[in-house]
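Topology and contacts: notes
Each chain, letter by letter, is given below.
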Amino acid sequence: MPETTPAPLRVLFCIGVNQNFFDLPAGHGGPVWKAFSGMMEGIAAMPGVNVLGNIDDDQHMIGPSASWPWTCYILADVADQKTVAAACDLFRTTPVGEHLLWRYATIEARIGRPLTIPASIQ
């Protein structure tokens, strides 16, 4: 009997930019932006991750976000919880000068599944 691959997890990575970013002197946020871009590329390049899209609301939400509503979101299908944790861990390991990315931003992963209408209802 052939093994079936489990369905991927539908994951919403919720990302908030914190006060440390906004405390930087004007014009000194570039390294954080570069690290953030690298983190997003890192998530997309991870085996078992299929990024479906992202949304950033920095035009209508100004300032830090420590919880909902978050600053930005990444929606992805992810192979398993270990990979979700590894994606979140990029905030602990992505350097920004002498600091790490989690000094400037936070992440929370919401794990679920695609919303489908049960066949019994159709």
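That block above? That's the structure.
Conventions and cut-offs
- Residues numbered from 1 in each chain as written.
- Predicted model: local features only at pLDDT ≥ 70, side-chain atom pairs only at ≥ 80, totals over all residues.
- Heavy atoms only, no water.
- Helix = DSSP H or I, 4+ residues; strand = E, 2+ residues; numbered from the N terminus.
- Buried < 20%, exposed > 50% of the residue type's maximum accessible area, 1.4 Å probe, protein only.
- Salt bridge = Lys/Arg side-chain N within 4 Å of Asp/Glu carboxyl O.
- Pairing = 2+ DSSP bridges.
- Axes fitted to C-alpha atoms, helices over the stretch in contact; angles between N-to-C directions.
- Expected span 1.5 Å × (residues − 1).
- Contact = heavy atoms within 4.5 Å.
- Disulfide = S-S within 2.5 Å.

Our next topic: the overall build of the protein chain. Secondary structure assignment for the protein chain yields three helices and six strands. Put simply, the protein chain runs from its N terminus to its C terminus through helices and strands in the order β-α-α-β-β-α-β-β-β. The dimensions of the protein chain, computed from C-alpha atoms along their principal axes, are 60 × 30 × 15 Å. Here the protein chain holds 122 residues, and 33% of them are scored as buried.

Pairing between side chains of opposite charge can happen when the charged atoms of each approach one another. Throughout the structure, instances matching the rule amount to two salt bridges. The closest approach of N and O atoms between Arg10 and Asp77, which form a salt bridge, is 2.5 Å. Linking Arg10 in strand S1 (residues 9–17) with Asp77 in strand S3 (residues 72–78), this pair joins segments that are 67 residues apart in sequence.

A word on the sheet that holds S3. Strand order in the open sheet made by the four strands is S2-S3-S1-S6, with antiparallel pairing throughout. Two strands in the sheet have a free side with no partner beyond their single neighbour: strand S2 (49–56) and strand S6 (105–112). Recorded for the sheet is a direction-independent mean angle of 20° between the axes of neighbouring strands. Relative to S3, S2 is paired through seven bridges, and the arrangement is antiparallel.

Here helix H3 (residues 81–93) contains 13 residues, and its C-alpha end-to-end distance of 18 Å stays within 8% of the 18 Å for a straight helix at 1.5 Å per residue. For H3, every residue scored as buried is listed here: Thr83, Val84, Ala87, Cys88, Leu90 and Phe91.

With that out of the way, let us pick up the pairing of S1. Burial of S1 is extensive: seven of the nine residues sit out of reach of the surface. Alignment of S1 against S6, held across eight bridges, turns out to be antiparallel. When the bridges of S6 are listed, Val11 appears paired with Ile111.

This part is about the environment of Val84. In this structure, Val84 sits in helix H3. Residue classification places Val84 among the buried positions, given a relative accessible area of 4%. Placed 73 residues apart in sequence, Val84 and Val11 show a C-alpha to C-alpha distance of 7.8 Å. In this view, Val84 contacts Leu9, Val11, Phe13, Val78, Ala109 and Ile111; residues no more than four positions away in its chain are not counted.

Considering all chains together, one arrives at zero disulfides under this definition. Looking at Cys72, it has no disulfide partner, and the nearest cysteine sulfur is the one in Cys14, 9.3 Å off.

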